[in-house]
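Here is what each chain is made of, one letter per residue.
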Amino acid sequence: MVHDNIENGNIFEKIIKKINYLDLKFDTFLIGSKIPTEILKRGEKNKRKLDLDVENIKKEINREIGKLLEKKLEKEVDFENPDIIIMVDLRKFFKTSQREDIKIRIQINPIFIEGKYKKLVRGIPQTKWPCRKCKGKGCDKCNGTGKMYKESVEELISSIFLEETNGYGTKFHGAGREDIDVRMLGDGRPFVLEIKEPKKRKLDLEKLNKKVNDHSKGKTEYNYLKFSEKKRKVEIKVSSPDTYKLYRALVECDTSIEEKDLEKIKQLANTTIKQQTPLRVAHRRADKIRERKVKDISANIINSHSFEMIVKTQGGLYIKELISSDDKRTTPNVSEILKTKAICKELDVIEVGN
Ligand SMILES: [Zn+2]
């Protein structure tokens, strides 16, 4: 019965219709099927009775459809990492034998693009941030955009990729993140962009990279784009003890400072800093003590009340609090050492190392 529908092309025709409807471009596929459980059970029983290693009916159907599609579409079956999974649902068909009860569903697997981004201006979040008031629906507070910020590092690249792939949505995975008011300079920060349900997956990345950077010009910049794998979205988030961040901070002091005062800051090099969760993030993070090491630190005076500080730290150290002391929740700290109130006026990440 199923065999006839494979042979006479009924199933094939339905699959083609679906592919055309979605305007799908792909190279590899995998067939899955849904069969009524009572039939699967019967197959198992026969297998035991005959004591033969006969493949079950489902596998056989999948293989038969797969072979036919490979030939007709000139595409390949891929068991490990198919571009799409074609699900042939025969549950109802087994009962009715009606051609229209053969249902086809296509799962389009995501693609992953890896690269490094720079954030050249302050005030842009890394990922799309839904409006707190309306949770994305659009309201007066967000001018109907549904967002807290007009743009993000994610959206400035994903809009181009979505247009090109006709995808359903994106997810941005960064190797850590900087605050909204912090720039990301140097060579950039690694990220993986996941594009969900792309209808087209063969992309000219070099060309697209140019297009993206033209679009985001002056705000963000993306480099080293390449195709990547699913596992990378987790890997880039795991920081080993060797990873470090290099920051540039503009520090402003309440009282005047001199070159010789700045010498004292160097005592922070190779020091472990204890930080109780900063007040500014306490509402969304657990209150605990975090220990991170300052690997190296240097400072250059700018004028009587401000200086520039370059600091190399283990990932995850709160720099703003290292400067301000955060009401003595971070120790040791720059304010304490200089015996004046010091604040971080500007902050840039200038290197994300590993
Ligand atoms: Zn809103």
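Here is what the cut-offs are and how they apply
- Residues numbered from 1 in each chain as written.
- Predicted model: local features only at pLDDT ≥ 70, side-chain atom pairs only at ≥ 80, totals over all residues.
- Heavy atoms only, no water.
- Core = buried A, V, L, I, M, F, W, Y, C linked by side-chain atoms within 4.5 Å.
- Buried < 20%, exposed > 50% of the residue type's maximum accessible area, 1.4 Å probe, protein only.
- Domains from an automatic or database assignment.
- Donors = N, O, S within 2.8 Å, 3.2 Å for Na, K, Ca; no water.
- Tetrahedral: all angles 85-135°; square planar, octahedral: opposite > 155°, others 65-115°.
- Helix = DSSP H or I, 4+ residues; strand = E, 2+ residues; numbered from the N terminus.
- Contact = heavy atoms within 4.5 Å.
- Polar contact = N/O pair within 3.5 Å; in protein donor to acceptor, adjacent residues only side chain to side chain.
- Axes fitted to C-alpha atoms, helices over the stretch in contact; angles between N-to-C directions.
- Parallel < 35°, antiparallel > 145°, perpendicular 65-115°, else oblique.
- Left-handed = near helix turned anticlockwise from the far one by under 90°.
- Nonpolar A, V, L, I, M, F, W, Y, C, P; charged D, E, K, R; others polar.
- Patch = residues over 30% accessible without salt bridge, like charges linked within 9 Å, V, L, I, M, F, W, Y side chains within 5 Å.
- Areas by Shrake-Rupley, 256 points an atom, 1.4 Å probe, with all protein chains shown as cover.
- Salt bridge = Lys/Arg side-chain N within 4 Å of Asp/Glu carboxyl O.
- Lys, Arg positive; Asp, Glu negative; His and termini not counted.
- Charge placed at Lys NZ, Arg CZ, Asp CG, Glu CD.
- Pairing = 2+ DSSP bridges.

### Things to note about the nonpolar core
Within the largest apolar cluster, 48 residues are counted, with the highest numbers of intra-cluster contacts made by I157, F161, Y222, I265, F307, M309 and I323. In this structure, this core is formed jointly by two domains, domain 2 (111–235) and domain 3 (244–353), each of which donates at least three residues. By size, the runner-up hydrophobic cluster in this structure holds 26 residues, among which are V2, F26, I65 and I104.

### Quick notes on the domain arrangement of the protein
Along its sequence, the protein is carved into domain 1 (2–108), domain 2 (111–235) and domain 3 (244–353). Put simply, the middle of domain 1 and the middle of domain 3, counted by C-alpha atoms, are 61 Å apart.

### Quick notes on the coordination of the zinc ion
On the protein side, the zinc ion has C131 (SG), C134 (SG), C139 (SG) and C142 (SG) as donor atoms, found 2.2 to 2.3 Å from it. Each of the four donor atoms around the zinc ion contributes to a set of angles spanning 103 to 113 degrees, which defines the coordination as tetrahedral. Donor residues binding the zinc ion come from one chain and are separated in sequence as C-x2-C-x4-C-x2-C. Taken together, the residues span a long stretch of sequence, with C131 in the loop between β5 (111–119) and α6 (153–165) and C142 in the loop between β5 and α6 at a distance of eleven residues. Residue classification places C131 among the buried residues on the basis of a relative accessible area of 2%.

### Focus: the environment of D27
Inspection of the secondary structure puts D27 in the loop between α2 (10–22) and β1 (28–34). D27 sits 175 residues away from K202 along the chain, and the two C-alpha atoms are 9.2 Å apart. Apart from residues no more than four positions distant in its own chain, D27 is found in contact with K75, E76, D83 and K202. Here K202 takes part through its side chain, which lies 3.4 Å from a polar atom of the side chain of D27.

### As for the packing of α2 against helix α4 (residues 57–73)
Close contact between α2 and α4 brings their axes to 11 Å; oriented N to C, the two are set at 60 degrees. As far as their axial angle goes, α4 and α2 are oblique. Crossing angle aside, the handedness with which α2 passes α4 is right-handed. Contacts from I11, F12, I15, I16 and I19 of α2 reach α4 at I65, L68, L69, K72 and L73. Each residue belonging to the contact of α2 with α4 can be placed in one class, and the counts come to nine nonpolar, no polar and one charged.

### Observations concerning the packing of α6 against helix α7 (residues 205–215)
Direction vectors running N to C along α6 and α7 enclose 135 degrees, while the axes themselves pass 9 Å from each other. In terms of orientation, α6 and α7 fall into the oblique class. Along this stretch, α6 crosses α7, giving a crossing that reads as right-handed. In contact with L156, I157, S159, I160, F161, E163 and E164 of α6, α7 contributes L205, L208, K211, V212 and H215. For the contact of α6 with α7, a count of residues per class yields seven nonpolar, two polar and three charged.

### Focus: a positive patch on the surface
Together, R132, K133, K135, K137, K141, K171, R177, K196, K237, R284 and R285 make up a region of like positive charge exposed at the surface. The residue R284 is located in the loop between β10 (271–276) and β11 (289–303) in this model. Residue classification places R284 among the exposed residues on the basis of a relative accessible area of 52%.

### Quick notes on the pairing of strand β6 (residues 169–174)
With respect to burial, β6 is a largely interior element, five of its six residues being buried. By the bridge criterion, six bridges tie β6 to strand β7 (residues 182–196) in an arrangement that is antiparallel. Bridge pairing in β7 places F172 opposite L193.

### What about the pattern of salt bridges?
All told, the structure shown has 34 salt bridges when counted by the stated rule. The closest approach of N and O atoms between K119 and E178, which form a salt bridge, is 3.5 Å. You can see K119 sitting in strand β5 and its partner E178 sitting in the loop between β6 and β7, a full 59 residues away along the chain. Given the relative accessible area of 0%, K119 is considered buried. We note a salt bridge from K260 to E258, for which the minimum N-O separation is 3.4 Å. With a relative accessible area of 47%, E258 lands in the partly exposed category. Here the residues in one salt-bridge network are R122, R183, R248, E308, E346 and D348, joined through shared partners.

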